[in-house]
Amino acid sequence: MNAYAASALIGAEQAAFICGGVGMSMATCRPGALPNIARATGCKVSSDRRVVTLILAATPGAAALDDVRRTATIAVVFTQPSTHRTLQLKGTDARIVPLEPGDHDLVERYVRAFAADVAAFGFSEAYMRALLAASPDDLVAVEFTIAAAFVQTPGPRAGEALAANA
Amino acid sequence: MKIRLESFRDCLDGGVPGNIATVSPDGIPNIAYLSQVQYVDSEHVALSYQFFNTTRRNILASPYAKAAVIDPRTAAHYRLSLQYLRTESQGPVFESMKAKLAGIASHTGMSGVFRLLGSDIYRVLDIERVPGQTLPAPPARQNLLAALRACAEAMHGHADLEALLTGVLGCLEHQFEIRHAMVLMLDAAAGRLYTVASRGYAASGAGAEIALGDGVIGVAAREGTPIRIGHFAAEYSYGRAIRESLESSGEAGRMATEIPLPGLAQVRSQLAVPIRAGGRTLGVLYMESPHDQRFGYDDEDALVALAGQLGMAIQLMPQGDGDEALVPSAPPQHARGPNVVVRHYAQNDSIFLDDDYLIKGVAGSIFCALVRDYLERGRVSFSNKELRLDRRIRLPDLSDNLEARLILLGRRLEERGACVRIEKTGRGRIELRVDRPLELVDIE
């Protein structure tokens, strides 16, 4: 993986996709231990689409955050339940960063958007709020440069790596 | 306290797809969605292997993985530490996952994309309950243990197999609120199952056959394992067979020797449980519902236990060999009107009454023997014991359930409004009631 691709690996449409009402989970690892998983509750993409910031609850994500501190490697999967569209991003420079103004509102918007997408499957907003619940002071952010991106929508293109976008 | 897999296995039945995280040999994590996690036993789960992807490459290099699953009712969140052991591409776990995946694929618009290549068996090393908010669990629909106990107790004291099966199907409705069910017995030599009893359908379907391996019933019988599907799955549904059979009815269909399997046109949940005794599959108890996800793991457990009891009860049921005192056969008194031609095709023992198909196979050969003795010797009274030893009746083996064949023959005659009926006249004895003069024609 090359953390310094010549241009962004995701396009504007893909950036909008991962910032929308989609499920987002991250995986981390460290030598000699099992990987860890944590669910994120919001995502931002930098204007040049090279850097992604995930917001997540620190308590349930403690082990994954610990891995980030040690190895800085990360994989994040985004999926839209209603379409199965799935994208995985990877990074090798992940770091924990402070929240920015507006991040709490971003989390609230995210919960509403994701709840709207899964409503058709019979999941109530109350259910989605429980699933994604995090106390505001428990939220942290993890930022990384997109080093690789893969289509993971089930089907013939699954696993295909995205090339750099001009 | 150690968390047991059983305490949250409903999470595995889908609703919220889980995730699996793995690591490549060079230390890069990977995360993917799981379309299916199957509970195998208290220490093992199986994940569906559908594509050769990074997850698979990683676990083949290093067998450790972590999975996250979420309760679709309470939003409780669990993480499982896993160790990959092996991949199974046949057998009970594979077949039950394959059937379930067909339902999941169809429900999620992924038919033709999801295809099970194997069941990856993982040891569960640790279970972690992730801190977070949950909703209260909805109350259980019913107490399955109480229902099971009531059904098991009601199984005692039935005089014969017909009463036992009728009783069990009644219990399923009253205790388990399962309104559509049938019992099929296995003819192992022919590799087919035949319907003996049903409840909750417009037509009983007595005599309807399913090939071993065909649909949920056939797979459950072949593998000796329960098969459970929570959504409509075309490739496991019998709806199509029923439709096709209805379409072919009419003039051309009158000669058809297929009895349609009863079944819901809009089936959403299916559960087929093998009826076993002494390590042998005797038949299948099949249940279905027009609702999605009607049967969960706990229902499956209760109904497997019930089917085990039923298997024992069938095995212990006296084969109806009652007193052998020969009752003098009274000559037929009330057979009048025009002759009815009983045609017997020796090739498959199929029987037609005039132009109406009645039955084929073993039940057909029984009917032929009864009619022949009636016509040639004026007999109307028969014992199960003599029928079982009768060389004209091709019972596949001694252990075959003659009584089950007599039940379905009796039902078919009744449902067709036939001019011949068989009636029980005592333990292990039947009598032929003939309303019209018969003429037997054998066709090679």
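Quantities reported herein were computed from a predicted structural model and do not represent experimental measurements.

How each quantity is defined
- Residues numbered from 1 in each chain as written.
- Chains lettered and ligands numbered in written order.
- Predicted model: local features only at pLDDT ≥ 70, side-chain atom pairs only at ≥ 80, totals over all residues.
- Heavy atoms only, no water.
- Helix = DSSP H or I, 4+ residues; strand = E, 2+ residues; numbered from the N terminus.
- Rg over C-alpha atoms; globule rule 2.2 N^0.38 Å.
- Buried < 20%, exposed > 50% of the residue type's maximum accessible area, 1.4 Å probe, protein only.
- Contact = heavy atoms within 4.5 Å.
- Polar contact = N/O pair within 3.5 Å; in protein donor to acceptor, adjacent residues only side chain to side chain.
- Pairing = 2+ DSSP bridges.
- Axes fitted to C-alpha atoms, helices over the stretch in contact; angles between N-to-C directions.
- Buried area = accessible area lost by both parts, 1.4 Å probe.
- Nonpolar A, V, L, I, M, F, W, Y, C, P; charged D, E, K, R; others polar.
- Domains from an automatic or database assignment.
- Salt bridge = Lys/Arg side-chain N within 4 Å of Asp/Glu carboxyl O.

Undergrad: Looking at this model, I keep getting lost on the overall build of chain A. Mind explaining?
TA: The number of helices and strands found in chain A is four helices and eight strands. Its helices and strands in sequence order give chain A the pattern α-β-β-β-α-β-β-β-α-α-β-β, from N to C terminus. Radius of gyration (C-alpha) of chain A: 15 Å, near the 15 Å computed for a compact globule of 166 residues. With respect to the principal axes defined by its C-alpha atoms, chain A has extents near 40 × 35 × 35 Å. The burial tally for chain A puts 54% of its 166 residues in the buried class. In chain A, 72% of the contacts between residues at least 6 apart in sequence involve partners at least 24 apart.

Undergrad: I tried to follow the side chain of Asp120 of chain B on my own but got confused; where do I start?
TA: All names here are of chain B. Here Asp120 is to be found in strand β7 (residues 118-130). In terms of polar contacts, Asp120 uses its side chain to reach the side chain of Arg56, at 2.8 Å. Here Thr87 takes part through its side chain, which lies 2.6 Å from a polar atom of the side chain of Asp120. Each residue touching Asp120, except ones within four places of it in the same chain, is listed here: Val45, Ala46, Leu47, Tyr49, Arg56, Ile59, Tyr84, Arg86 and Thr87.

Undergrad: Explain the sheet that holds strand β8 (residues 180-187) of chain B here, please?
TA: What holds strands together in a sheet is hydrogen bonding between their backbones, with the strands either parallel or antiparallel. All names here are of chain B. Across the sheet, which stays open at both edges, the six strands sit in the order β10-β9-β8-β13-β12-β11 with antiparallel pairing between neighbours. Edge positions in the sheet fall to β10 (209-211) and β11 (227-229), since each has one partner strand and no second. The average angle at which neighbouring strand axes cross in this sheet is 25 degrees, direction not considered. Here β11 runs beside strand β12 (residues 269-277); their pairing, made up of three bridges, is antiparallel.

Undergrad: Please clarify how the interface of chain A and chain B should be interpreted in this entry.
TA: Accessible area lost on assembly of the parts is the figure often given for the size of an interface. On the side of chain B, 39 residues touch chain A, which itself brings 37 residues to the contact. Interface area for chain A against chain B, summed over the two sides, is near 2900 Å², with a carbon-plus-sulfur share of 70%. Counting the surface chain A buries against chain B, the share from its top three residues, Leu34, Ile37 and Tyr127 of chain A, is 23%. At the level of secondary structure, the elements contributing two or more residues to the side of chain A that touches chain B comprise β1 (23-28), β2 (36-45), β4 (74-79), β5 (86-91) and α4 (125-131) of chain A. A per-element tally of the side of chain A that touches chain B places β1 of chain A first, with six residues. Counted by class, the side of chain A that touches chain B contains 21 nonpolar, 13 polar and three charged residues.

Undergrad: Before we go on, may I ask you to explain the domain arrangement of chain B in this structure?
TA: Residues and elements named next belong to chain B. One can read the domain layout of chain B as domain 1 (5-130), domain 2 (144-316) and domain 3 (340-443). Contacts between domain 1 and domain 2 engage 19 residues on the former and 19 residues on the latter. Between domain 1 and domain 2 the total buried area reaches about 1500 Å² when both faces are included, carbon and sulfur atoms providing 51% of it. Remark: the boundary between domain 1 and domain 2 carries three salt bridges.

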